[in-house]
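Residue strings, one per chain:
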Amino acid sequence: MKFRDRLARWMYGRYGNDHLNRLFLALAILFLIVSIFAQYQVFYWIAVLFLVLAYFRMFSKNIYKRSAENTKYLNMTAGIRRFFSRGKARSQDKTHRYFKCPGCGQTVRVPRGRGKIQITCPKCRREFIKKT
């Protein structure tokens, strides 16, 4: 308990971990694994650089600047993260099917198990028939 309290007191006022740090740590692990199998030391030093950068950001007291860096990273990767989260939500949806409108490309959600139904696109009002 004493160690955890001392660590918490020491970390007070420091930035901590965020999404960008997790990326740096994952890249460090990746480069460490590559350095095991590759004969070049450059991969090892790149991994060490990512580790140092991650720990520097984690223990930094300039919270505003680290938060701005993380926000910039999240804004740059928003499209990629949205794409993967949308696909995950669709794959877990067992009660609906998703179709693209042949006219405008709008994604339309319809209930499963209705047989062949006529779907009307809410955007362009085009009608098409699909099996659910």
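Before going into details, it helps to say that this report is about the structure given with it. (Residues numbered from 1 in each chain as written. Predicted model: local features only at pLDDT ≥ 70, side-chain atom pairs only at ≥ 80, totals over all residues. Heavy atoms only, no water.)

Tallying each qualifying case throughout the model produces three salt bridges. Here Asp18 and Arg57 are joined by a salt bridge, their closest N and O atoms 3.1 Å apart. Of this pair, Asp18 sits in the loop between helix 1 (2-11) and helix 2 (19-37) while Arg57 sits in helix 3 (residues 42-59), placing them 39 residues apart in sequence. With respect to burial, Asp18 and Arg57 carry one shared label: buried. Residue Glu69 is joined to Arg66 by a salt bridge in which the shortest nitrogen-to-oxygen separation is 3.0 Å. (Salt bridge = Lys/Arg side-chain N within 4 Å of Asp/Glu carboxyl O. Helix = DSSP H or I, 4+ residues; strand = E, 2+ residues; numbered from the N terminus. Buried < 20%, exposed > 50% of the residue type's maximum accessible area, 1.4 Å probe, protein only.)

Attention now moves to the pairing of strand 2 (residues 107-111). Here strand 2 shows a buried face lined by Val108 and Val110 and an unburied face lined by Thr107, Arg109 and Pro111. With five bridges connecting them, strand 1 (residues 96-100) and strand 2 associate as antiparallel partners. Paired with Lys100 across the strands is Thr107, a residue of strand 2. Adjacent in sequence and paired antiparallel, strand 1 and strand 2 are bridged by six residues, among which Gly105 carries a positive phi angle near 85 degrees. (Pairing = 2+ DSSP bridges.)

Before going further, it helps to spend a moment on the nonpolar core. Leu20, Phe24, Ala28, Phe31, Ala47, Phe50, Ala54 and Tyr73 form the largest nonpolar core, which has eight residues in total. Taken together, the elements giving at least two residues each to this core come down to helix 2 and helix 3. For this core, the element with the highest residue contribution is helix 2, accounting for four residues. When sequence neighbours within four positions are dropped, the list of residues in contact with Ala28 reads Ala47, Phe50 and Leu51. Judged by nonpolar contacts, the second largest core, of seven residues, contains Cys101, Ile119, Cys121 and Phe128. (Core = buried A, V, L, I, M, F, W, Y, C linked by side-chain atoms within 4.5 Å. Contact = heavy atoms within 4.5 Å.)

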